[in-house]
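The lines below spell out each chain.
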Amino acid sequence: MQSSYELVMGLETHVRVKSETKMFCSCKNALELSDEANVHVCDFCMGFPGALPVLSDAVASLGVRAGLAMKCTINQKSVFDRKSYFYPDLPAGFQITQLYHPIATHWEVSAFVGTKLQTFRIARMHLETDAGKLIHAGKTLVDYNRASSPLMEIVTEPDFRSRDEVLAYLEELQKLLRFVDASDADMEKWQLRCDVNISIRKTGETHFNNRVELKNLNSFSAIGRAIDTEFHRQIAIVQAGWVVEQETRGWDDDRGMSAPQRSKEDAMDYRYFPEPDLTPLILSDEYIAARAVTDRPIERRVRYLDEYGLLSDDARILSRDRETSDYFERLVALTGDPKKSCSYITTVLFSLMEASQTHRSMAENPVSAEALARVIDLVNRDEISSTNSKVVVERLFTGWWEPDAIIDELGLRQNNDTEMLADIAMKIIANHPEQVADYKNGNEKVFGFLVGQCMKASKWQGNPKAFNEILLSKLS
Ligand SMILES: [Zn+2]
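Residues numbered from 1 in each chain as written. Predicted model: local features only at pLDDT ≥ 70, side-chain atom pairs only at ≥ 80, totals over all residues. Heavy atoms only, no water.

## Some remarks on the domain arrangement of the chain
Okay, step 1: As assigned here, the chain comprises domain 1 (2-289), domain 2 (297-410) and domain 3 (418-475).
Okay, step 2: For domain 2 versus domain 3, the distance between C-alpha centres works out to 32 Å. (Domains from an automatic or database assignment.)

## Observations regarding the packing of aromatic side chains
What characterises a pair of aromatic rings is the spacing of the ring centres plus the angle enclosed by the ring planes.
Okay, step 1: All chains considered together, the criterion is met by eleven aromatic pairs.
Okay, step 2: Centroid distance Tyr 304 to Tyr 308: 5.7 Å. Interplanar angle 10°. Geometry classified as stacked.
Okay, step 3: Tyr 304 sits in the buried class, given a relative accessible area of 0%.
Okay, step 4: Between the aromatic rings of Tyr 304 and Phe 328, the centroid separation amounts to 4.9 Å while the plane-to-plane angle is 80°, which identifies the pairing as edge-to-face. Linking Tyr 304 in helix 5 (residues 297-306) with Phe 328 in helix 7 (residues 322-335), this pair joins segments that are 24 residues apart in sequence. Of the two residues examined, Tyr 304 and Phe 328, each falls in the buried class.
Okay, step 5: Here the aromatic cluster, defined as three or more aromatic residues joined through ring pairs, consists of Phe 24, Phe 44 and Phe 80.
Okay, step 6: Across from the ring centre of Tyr 287, 3.6 Å away, lies the NZ or CZ of Arg 291, which sits over that ring.
Okay, step 7: Note that Arg 322 overlies the ring of Phe 179, its terminal NZ or CZ placed 4.3 Å from the centroid. (Phe/Tyr/Trp six-rings, centres within 6.5 Å; stacked < 30°, edge-to-face > 60°. Buried < 20%, exposed > 50% of the residue type's maximum accessible area, 1.4 Å probe, protein only. Helix = DSSP H or I, 4+ residues; strand = E, 2+ residues; numbered from the N terminus. Lys NZ or Arg CZ within 6 Å of the ring centre and 35° of its normal.)

Written as structure tokens, this is what we have:
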């Protein structure tokens, strides 16, 4: 009975900090994977004797900002430790990390799981150095560009009970880190890596069983598949009367299965000790206060739902990244109309972006919020029809600047002269006796045809609402 078991999961996420330089030297922090191998290296990050570390201000600052974004306590004193082990991608023979005194503790991250807002507890976040990269190509090569690059490791409590919760949390974490510009958190570029600790227990039990640490999870979809597969593997073991072994397993997404990796050493094996070449990181109240974060994507999303009354999907889409959200808020400030602002972005602008080769994201959107606000204003004042407003936005998207100039150039300004419109309507009625008789006999569908004829006769400039009213009164 699978339904009588529940998943218990905690996450360890490594995120590459978006600083210009590496953590302790002035080498470039190579955020793209395309750079030539071993060009961003120096004596320090190659582990040569005598080269000393100097902590990057930007790394500390972004670490604090990321921590505050997630409502954590920033520790005024954090300490760097050496974690010693041998591996070819680690030229110094040790990693610099923060084991005993991390920079941040006790965070929480809220995320929508479906339509339900849930909060997940974060145990700690610390700063640490990355290792280089092994390239297996017949023989094994090493690229040290990444060695000693700055990482944040974010460790959660075992609060996750389903894959949907894990994925919702990770997406929110990614959004939040991008929002405060602490990381691009792009999984394809190895800027966000996640290990999942998984155990199962009978529903209703409160103790924790042996957990398996799943590694090599390279995409959100791989994480989902790995969780499902591991859940069923552990149930099968327990149902066969065995005990799940505590171990580390690597996920092979192509084969859809995991295999054991080296067993996890305990802390003693790494011979942790305080890094002798670095003083503790001391942060003043003023330093922390200057990096305060008051605005988060999740808070914007809740505001769009509660204050603006937007639909759940629209609120999600409009808070998905900083550019989209800022644009929407600017448009609302100009129009005072959240629903219409939402609709022009999510239907008109987004479909233009989808069809475009060059302007696919909000950052590349050529339509200024001011111009779009003017279009919405003209629609509200009946100066253009809503159909024609889309033509105007299309032109703005191709680089035209002025909505009014487009409207005049294309002759789109709406005709609201009721006398002139009434003349047109009378002619249409006179020219279509059969349809008029049909309508009067109860065929209401013909009404739309008559409005269409009026619009055509007005060269699409007549106000359709006005034609509606005129026809209704003349035909009743
Ligand atoms: Zn270096």
